[in-house]
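As a plain string of letters, each chain reads:
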Amino acid sequence: MKIVTVVGARPQFIKAAAGSRALRREHTEILVHTGQHYDPNMSEIFFREMGIPAPDYNLGISGGSHGEMTGRMLIELEQVLMKEKPDALLVYGDTNSTMAAALAAVKLQIPVLHVEAGNRLGTLSNPEEVNRIVTDHCSRLLFAATEDARSKLEREGLGERAYVVGNIMYDSFLHFADLPWEPHILDFEGNAVTVPKEYYYMTCHRQENTGTDEPLTEILLAMNSLDAPTIYAVHPRNHDRAARIKAKEGLQNVILTQPVGYSDSVHLTKNAKKIVTDSGGLQCEAFYAGVQCVFILDYVAWPETMVGNRNQLGKPDREDILRKLSAEQTIDPNYHPFGDGHAAEKICDILRDVTL
Ligand code: UD1
Ligand code: UDP
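Residues numbered from 1 in each chain as written. Chains lettered and ligands numbered in written order. Predicted model: local features only at pLDDT ≥ 70, side-chain atom pairs only at ≥ 80, totals over all residues. Heavy atoms only, no water.

(A) Looking closely at the packing of aromatic side chains. Applying the stated rule across the entire model yields 10 aromatic pairs. Relative to F338, the ring of F287 has its centre 5.5 Å away and its plane inclined at 80 degrees; by these criteria the two rings are edge-to-face. Here the residue F287 occupies a position in helix α12 (residues 280-289), and F338 occupies one in the loop between α13 (318-325) and α14 (343-353), the gap between them amounting to 51 residues. The exposure class assigned to F287 is buried, which follows from its relative accessible area of 5%. Each member of the aromatic cluster is reached from another via a ring pair, and the members are Y170, F173, F287, Y288, W302, Y335 and F338. (Phe/Tyr/Trp six-rings, centres within 6.5 Å; stacked < 30°, edge-to-face > 60°. Helix = DSSP H or I, 4+ residues; strand = E, 2+ residues; numbered from the N terminus. Buried < 20%, exposed > 50% of the residue type's maximum accessible area, 1.4 Å probe, protein only.)

In structure tokens:
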């Protein structure tokens, strides 16, 4: 089959690393990068470090409002699909790139394959939720990471197209977690950061937590008062805000870094005391690594992780975060809800059996 895969944002590169490797063993893949994430440490570093094939197209579309970005992608992606005439379009996750590609393909009657289908927070106030719902309803095949995600698809009348394959991010995590680690972590000035023996690892970039100073300030004040430094790998959209809050509040115990590469992120996760994040992917990686996590959002993203205090919902509130961080973890070590790390192969097996 000829498959066009569309990626655009950091978590999709990480998923495509596993996906492209497996797909290309038996299919022709055309890789399209929308350009949504474009800084070298948000994009190029993942292609290089994870051996992702170079994109056949880079549309260079980023920034602007959600509607504008999605609309521009839709126009350009339609052109690519009309030219390439693929047998199917494959997308990952829930970004604007995901939804734009699914819409472009379904309008051209090209079957859409959605990897990481069925995740739901239960609120349309989250921008990614809109992308998930639209993409799932445009898709011919839905590859769910967990049984819970599949059951949500069933509730929306999509059960017959859904398959549980495990979490494709787990494929990439297992591969990189076992490789040796040489940290390449830079602060905002470009100086190398020495990783402390004991530290907390944090990422925080969601609109809900970083759109104004208040929530991010609360989160950083909580981290600053802990018994070890926090390494905060900052998304470029929060660079200025994070630097300003650190200076204003005198946060000596918080180390601000540029976005890190995947190997750095995985190893920072594995070796952290605990993790605080609003990232969908990082909370799962914390789970795989057996490291406790506080997920700062009002809604559960991965219910499977919310077991025995391994992962807890937290508010952008200093006291709440500190209370959650002090809870003990009680979890059955044999509990593995995310598959066996071979999601990409399972997707290929299903593609062999199903007529699109
Ligand atoms: C997107 C995804 C989100 C994911 C996040 C991080 C959507 C709706 N959301 O949000 O699910 O968690 O990526 O992976 O698609 N910017 C840069 N350099 C870059 C990339 C972005 O400076 O390389 C800045 C730009 O000013 C841009 C802003 O960050 O306007 C926001 O980027 P955008 O892609 O719109 O959304 P994310 O917050 O990254
Ligand atoms: N990640 C990374 N470098 C960073 C921060 C995160 O490689 O500086 C990785 C992280 O380990 C996880 C993924 O990026 O694999 C999560 O992506 P992100 O938080 O951007 O998006 P989300 O998961 O929220 O969709």
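There is more to say, and it comes next.
(B) Representation of unusual backbone geometry in the model. For Q109, which is not glycine, the phi dihedral falls at a positive 60 degrees. Following the sequence through the fold, Q109 ends up in the loop between α4 (96-107) and β5 (112-117). Exposure remark for Q109: the relative accessible area of 74% places this residue in the exposed category. Unlike most non-glycine residues, E116 shows phi in positive territory, near 80 degrees. With respect to the secondary-structure elements, E116 resides in strand β5.

(C) Layout of the layout of surface pockets. Quantified by volume, the second largest pocket comes out at close to 300 Å³. Mapped by element, the contributors of at least two residues to the lining of the second largest pocket are α2 (44-50) and α11 (262-271). Per element, the largest residue contribution to the lining of the second largest pocket is three residues, and it comes from α2. Considered class by class, the residues forming the lining of the second largest pocket number eight nonpolar, five polar and four charged. (1 Å grid on protein atoms, 1.4 Å probe; cavity = no way out; pocket = protein on both sides within 12 Å on 5 of 7 lines; lining within 4 Å. Points joined across faces, edges and corners; volume = space filled by probe spheres on them. Nonpolar A, V, L, I, M, F, W, Y, C, P; charged D, E, K, R; others polar.)

(D) Here's a closer look at the site of ligand 1. Around ligand 1 lies a shell of 19 residues, among which H37, E128, H205, H235 and R237 are the nearest. H205 has a polar side-chain atom sitting 2.8 Å from an oxygen atom of ligand 1. A distance of 2.7 Å separates an oxygen atom of ligand 1 from a polar atom in the side chain of H235. Its free accessible area being 750 Å², ligand 1 has 85% of it covered by the protein chains. Of all the secondary-structure elements, those providing two or more residues to the shell around ligand 1 are α3 (66-84) and α5 (127-138). Split by residue class, the shell around ligand 1 holds five nonpolar, nine polar and five charged. (Near = heavy atom within 4 Å. Polar contact = N/O pair within 3.5 Å; in protein donor to acceptor, adjacent residues only side chain to side chain. Areas by Shrake-Rupley, 256 points an atom, 1.4 Å probe, with all protein chains shown as cover.)

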